[in-house]
Every structure is written in structure tokens, then in C-alpha cells.
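One-letter residues, chain by chain:
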Amino acid sequence: MNYSRRTLFQIAASIAAGSTVRGADETKRDMIVRSARPYDAEMPMSGFKHYLTPIENFFVRSHHYTPTVELQSWRLSVEGEVASKLSLTIDDLKKMPKVEIVGVCECAGNTRGIYEPSMPGLQWEYGGVGNAKWGGVRLADVLKRAGIKTSGIEVLFDGADVPVGTMPEFQRTIPVRRALHPNTLLAYEMNGQTLPVAHGFPLRVIVPGWASDSWVKWVTRIQVLDKEFEGFFMKTAYRYPVKLAAPGVAVPPDKMRPVQSLRVKSVIAAPLIGSQISVGKQTVVSGAAWAGDDSPITGVDVSLDGGRSWKPAALGVDKSQFGWRLWQLNWTPAVEGYYNVLSRAKTASDIQPFAYEWNPSGYQNNTVHRVGVEVVAGEPHPPTAAASTAIPARDIPANVRAACMTCHGSDVMEQQRLTRAQWDREVTKMVNWGAPVKDADRGAILDYLTSKWGYRPR
Ligand SMILES: Nc1nc2c(c(=O)[nH]1)N[C@H]1C(S)=C(S)[C@@H](COP(=O)(O)O)O[C@H]1N2
Ligand SMILES: [Mo]
């Protein structure tokens, strides 16, 4: 959706005043909020204990402000390289054959937060992922109904969300081959309920096995293109180096390709990092594991000694082609001390690596998860929370507030660990997206950002 600058500032103002534009889904609980506006929140580690992630814990990633969609006026338009344009209501879609698929929705940037050197972006740890049952129609059925032409190369999706500042629209394409794949859906249900607002009400794209940057929410328009789409979110963002570069080295976008398939990955949900467990008492090491669109999980191995020896974990009974697999291993530690607990998932053709492939935007981090725990005699204490770098808004200088916090809160800045040169590039990007930065203020703003949220090792 396109808005004039004036409307944009009215929207920004109404959001700041907490009025009509809907923000976070009201039903979220225990989330790790990475940004309050636009709303970005991570699933707590306890979410990895459920086969289907409860919606109240399902992570949310929205580049822009959440739109309020009125079903009465909502239409899905299908256009471009098609024999006949369509304009469909949600009831039209519900009359078509319904399909349900369990699938992992994982942000390409999940686990970005552990890369060194760090890069700008939401500093997701492990919970930028969830597993849900999606219900809707096959995208192929809709495209065939419109009479998709053989000239079609890519299918473009456009959502109803409202860009932050002068950021580009969140528009994404997938190749026609993937669009016509029987597992690619337009979903109007999540875990058997109406798709929640935060997850794209009334309709979103589901591309099982692919990273969720392709899972466009709040879809209003589908356009079949006869050439490759040039938009920002395809040609600049969500790209991964064709050939890896050394950590910290820039890679030009034309030497990168779009992120597509997920990678084999497992996460340890319990015990939690930094926790204590009792000697001689049985503990359950448990978590979830998933993979991309080519082959399912064949096993998860657990090490209780930093990778010297491995034991196979028991896999949960619930399984589906694109869903995650729960796993667990019982452990009764006999000796006190500090233990490095690791999990490593595998498929018929791939296995989790120990070293990450550093890449400029910090995508696809699927390294072996390590959880350090202490085995103690006596009563264990719960893990201690990490120190916060939060600063009350009133203590942030006025020029920083005006430049940055018209569009988003300070929470997004607090999690960054950036050098002055990296902050400089961020400020340039934000100015291009409409941030009001006076030339005279720029140096002071950079000094402040670097002094508060400069690079620090994790
Ligand atoms: N319209 C729209 N769709 C979107 C986004 C967005 O910002 N706008 N974010 C994408 C990204 S990057 C991710 S990771 C997933 C997150 O889906 P969720 O919020 O349902 O977990 O939505 C995708 N679909
Ligand atoms: Mo994402």
C-alpha cells in the first residue's frame, strides 16, 4: 500500500498516541520483545517444548506497522501474466479446496545475535521460529483459476502493512515453480483458528521449508511477473553470499542470492543456559529440530561433554514433512561441575555445523547449540538474567530521540553491538528512509549511539 508523506506522518503520530492502528497481538505472553513498534518479538525458550507453538508464544516479525484490515472491503487481487484478473473475497477463497500443512516458520535472521563480529538487525537468539498448522488454499489453485500464462517467471506478493518512514514496501517474490508447488499455500487459519492480526490476518503466504521472509502477511495483491523483481526486499535484503567472504567483509548484492530453504537445526529448550541442576537427579535434556524443504530430520544427537561423545535423543511421535520434531534425552549427572551440553540434528544429506558461516546480514545461523550448565550438590538456583542496556527515553538526548524514535523505540538500538563505522552506515540508511537528521547533529548522534550501544563481545 502506498501512502503520501502527509498520511505517513499522521499514521506515525496516531501510533505514537496509541490510537487506531493496531500493534501487537493482544494475546501474546512471555515474549522477548525486540521492538515494541513495529512489533517484533521472540518466542521464549519454553516454546520449543510444544509440537505446535501456541499462538500466544509464536514469534512476530514485522518490518512495518501492523495494518488494520476490514474484511468487508478486503479483496485479494490476482493480476499480471494471467488470462483473467481476479478480485476475491475471503469467502471466495474458503469455497475452494482447503489444505492443512504443519510447517516451521523461521526468520532468516533467527540466531543472528550470536555472530561475531555482530551486524545490525534484530538480535534474535533462538526463538525467531515457530511451528504451526496452517490452513488455507493452494496458491496453485488460485493461479490456475486466473489462468496463469507461460510467460510468468516470478510471483509477487504485496501486503497491506504501512511502511515505517519512507522505507520501501515489504514486497517479495517467489519463482513460479515454487508458487505452483502443491505445498505453497495462502493461509487464512493458524492452529485451527482465524489467522491472528500479528500473523497476517486475513491471508498470508506459506512456503513450507523456506525461510519466512517469503511468507508474506496481510496479502492483498498477487502479481505474476514476466521478469525478475527488482524491489529492495529481493535485491538488497534477504540475500546470502554465493561464495562466503571472511567475517566482517562486505559482499555486494550481485554476489549474493536470495535466502530460500531452511537449514538443518536443533535447539535445546531445557536445561536453560546458565542454570544449575542437581547431582544424582534425573534431568530431561529436550528441544526441537527441523530442516529445509529437501529432507526431513533423521536424528538428533546430544553431547554432555562438549562434543567428545554423543548419544542419540529420542524423537517425538508427532511428525510431518515440514514441521519440527521434538526430541529428548534423560540425563542423571553423577559428578558436580560445569557441563557443555550440545545438540546436533541431521538429515539424510546434511548435519549441523560447529562453526557458523558469517555473512553480512547474519542469516541462516544453524550452528550446534551449546548450553552451559552447572551440576551442583544441594538446591539449584534459577538462571540469572543478563544485564540490560536499556536507557529511559527521557535520558536519551533530544536529537537522538527526534532522529530515531519518531519511527521506532530505543529497544531496537539497545540490542545492537556496532562499531562507529557500522552506526554511520545505519544512520545513512535511516536518513534515506526518512529519519530527520540535521547535518550539524550527525556527529553527536553517532558519538552517542557508539558510546551506548557500541561493539561489545557477547
Ligand atoms: N507483509 C509483510 N509480511 C511479512 C513481513 C512483513 O514485514 N510484512 N515479515 C516477514 C518476515 S521477515 C518474517 S520472519 C515473517 C514472520 O512471520 P510471523 O510474524 O508470523 O512470525 O513474516 C514475513 N512476512
Ligand atoms: Mo524474517
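Positions within a chain are numbered from 1, following the residues in the order the chain's sequence is written. Ligands are numbered from 1 and chains lettered from A, in the order in which they are written. Whole-chain, interface and lining totals are the exception, using all residues; otherwise, since this is a predicted model, local features are given only for residues with pLDDT of at least 70 and side-chain atom pairs are given and counted only at 80 or more. The side-chain quantities take in all heavy atoms of the structure and omit both hydrogens and water.

Details of the overall build of the protein
Now for step 1: The secondary structure listing takes helices from DSSP runs of H or I that are at least 4 residues long and strands from runs of E that are at least 2 residues long, numbered from the N terminus. Per the secondary structure count, the protein includes 9 helices and 23 strands.
Now for step 2: For the exposure calls, accessible area comes from a 1.4 Å probe over protein chains only, and a residue counts as buried if that area is under 20% of its type's maximum, exposed if over 50%, partly exposed in between. Put simply, the protein has 458 residues, and 54% of those count as buried.
Now for step 3: The contact definition used throughout considers only heavy atoms, calling two residues in contact when any of these lie within 4.5 Å. Nonlocal contacts in the protein, meaning residues at least 24 apart in sequence, comprise 73% of its contacts between residues at least 6 apart.
Now for step 4: The Shrake-Rupley method, run with a 1.4 Å probe sphere, supplies the accessible areas, and residue values consider only the shown protein chains as cover. With an accessible surface of roughly 19900 Å², the protein has 53% of that area assigned to carbon and sulfur atoms.
Now for step 5: Charge centroids of the protein, computed over 53 positive and 44 negative side chains, lie 1 Å from each other. A positive count includes Lys and Arg, and a negative count includes Asp and Glu. His and the chain ends are not counted in either. Where a charge sits is defined by one atom per residue type, namely NZ (Lys), CZ (Arg), CG (Asp) or CD (Glu).

Regarding the site of ligand 1
Now for step 1: Distances are taken per atom, and a residue is near a molecule or strand as soon as one of its heavy atoms is within 4 Å of it. Around ligand 1, a shell composed of 19 residues is seen, among which Phe59, Asp161, His199, Arg204 and Lys217 lie nearest.
Now for step 2: Between N or O atoms, a polar contact is any pair within 3.5 Å; within protein, one atom must be a potential hydrogen donor and the other a potential acceptor, and residues adjacent in sequence are included only when both atoms are from side chains. One of the backbone N or O atoms of Phe59 is found 2.7 Å from an oxygen atom in ligand 1.
Now for step 3: The backbone of His63 places a nitrogen or oxygen atom 2.8 Å from an oxygen atom of ligand 1.
Now for step 4: Alone, ligand 1 offers 540 Å² of accessible surface; in the complex the protein occludes 100% of this.
Now for step 5: In this classification, Asp, Glu, Lys and Arg are treated as charged, Ala, Val, Leu, Ile, Met, Phe, Trp, Tyr, Cys and Pro as nonpolar, and every other residue, Gly included, as polar. Grouping the constituent residues of the shell around ligand 1 by class yields 10 nonpolar, 4 polar and 5 charged.

A few points about the sheet that holds strand 12 (residues 219–225)
Now for step 1: For two strands to pair, DSSP has to find at least two bridges joining them. Strand order in this open sheet of 5 strands is 4-3-12-7-8, and the pairing throughout is mixed. Edge strands, defined here as strands with exactly one partner in the open sheet, are strand 4 (86–88) and strand 8 (171–175). Direction aside, neighbouring strands of the sheet carry axes that sit 20° apart on average.
Now for step 2: As defined by bridge partners, strand 7 (residues 154–159) adjoins strand 12 across 6 bridges and the pair is classed as antiparallel. Considered in strand 12, the bridge of Leu156 is made with Gln223. Lines fitted to C-alpha atoms define the axes, with helix axes restricted to the stretch in contact, and inter-axis angles between N-to-C directions lie between 0 and 180 degrees.

Side note on helix 9 (residues 439–453)
Now for step 1: The terminal C-alpha atoms of helix 9, which comprises 15 residues, lie 21 Å apart, in line with the 21 Å expected from a rise of 1.5 Å per residue.
Now for step 2: Restricting attention to buried positions, one finds in helix 9 the residues Ile445, Leu446, Tyr448, Leu449 and Trp453. Seen from one end, helix 9 has its buried residues packed into an arc of 165°, which puts them on one side. Exposed positions of helix 9 whose direction lies more than 90 degrees from the buried face are Ala440 and Ser451. Helices are assigned an expected span. That span is 1.5 Å times one less than the residue count. Taken from the helix axis, the directions to the C-beta atoms give the arc we talk about.

A short note on the confidence of the model for the protein
Now for step 1: How sure the predictor is of each residue is captured by pLDDT, a score from 0 to 100. Per-residue confidence for the protein gives a mean pLDDT of 92; residues scoring 70 or more make up 94%.
Now for step 2: The low-confidence segment residues 1–24, where pLDDT is below 50, has 31 contacts with residues more than four positions distant or belonging to other chains.

Quick word on the nonpolar core
Now for step 1: To qualify as a nonpolar core, a set must consist of buried Ala, Val, Leu, Ile, Met, Phe, Trp, Tyr and Cys residues joined through side-chain atoms within 4.5 Å. Judged by nonpolar contacts, the single largest core of 82 residues is most densely connected at Phe48, Leu76, Leu93, Trp134, Leu186, Ile222 and Trp324.
Now for step 2: Leu76 has contacts with Leu86, Ser87, Leu88, Leu93, Leu186, Leu203, Val219, Thr220, Arg221 and Ile222, leaving out every residue within four places of it along the chain.
Now for step 3: In terms of nonpolar packing, the next biggest core, distinct from the first, is built from 20 residues, Ile268, Ala291, Ile297 and Trp327 among them.

Concerning the packing of aromatic side chains
Now for step 1: Pairing of aromatic rings covers Phe, Tyr and Trp, the last counted by its six-membered ring, and requires centre-to-centre distances within 6.5 Å; plane angles under 30 degrees mean stacked, over 60 mean edge-to-face, and any other angle means tilted. Counted by the stated rule, this structure contains 15 aromatic pairs.
Now for step 2: Geometrically, the ring pair formed by Phe58 and Trp134 is edge-to-face, given 5.9 Å between the ring centres and 85° between the ring planes. With Phe58 in the loop between strand 2 (40–42) and strand 3 (76–80) and Trp134 in strand 6 (residues 129–138), this residue pair connects regions lying 76 residues apart in the sequence. Comparing Phe58 with Trp134 shows no difference in burial state: the two are buried.
Now for step 3: Plain terms: the ring middles of Trp134 and Trp215 are 5.6 Å apart, the flat faces sit at 75° to each other, and that makes the pair edge-to-face. Of the two residues, Trp134 sits in strand 6 while Trp215 sits in the loop between strand 11 (204–206) and strand 12, which places them 81 residues apart along the sequence. The same class applies to Trp134 as to Trp215, namely buried.
Now for step 4: Among the aromatic residues, those joined into a ring-pair cluster are Phe58, Phe59, Trp124, Trp134 and Trp215.
Now for step 5: Of note, Arg178 hangs over the ring of Trp210, and the distance from its end group to the ring centre comes to 5.1 Å. As a reminder, the over-ring test applies to NZ of lysine and CZ of arginine, requiring each to be within 6 Å of the ring centre and within 35 degrees of the ring normal.

Description of the pattern of salt bridges
Now for step 1: Definition used for salt bridges: Asp or Glu carboxyl oxygen within 4 Å of a side-chain nitrogen of Lys or Arg. One pass over the full model with this rule turns up 18 salt bridges.
Now for step 2: Between Arg221 and Asp158 there is a salt bridge; the shortest N-O distance is 3.0 Å. Taken together, the residues Arg221 in strand 12 and Asp158 in strand 7 connect sequence positions 63 residues apart.
Now for step 3: In this structure Asp158 comes out as buried when scored by relative accessible area, which is 7%.
Now for step 4: Ionic pairing is found between Glu426 and Lys429, a salt bridge with its closest N-O pair at 3.3 Å. Taken together, the residues span about one helical turn, with Glu426 and Lys429 both in helix 8 (residues 420–432) at a distance of 3 residues.
Now for step 5: Overall, the relative accessible area of 13% leaves Glu426 in the buried class.
Now for step 6: For Lys429, a relative accessible area of 31% gives the class partly exposed.
Now for step 7: Connected via shared salt-bridge partners are Glu79, Asp158 and Arg221.

Overview of the side chain of Asp40
Now for step 1: Locating Asp40 in the fold gives a position in strand 2.
Now for step 2: In terms of polar contacts, Asp40 uses its side chain to reach the backbone amide nitrogen of Ser62, at 2.8 Å.
Now for step 3: Those residues in contact with Asp40 that sit more than four places away from it in its chain are Ile32, Val33, Arg34, Ser35, Val60, Arg61, Ser62 and Leu122.

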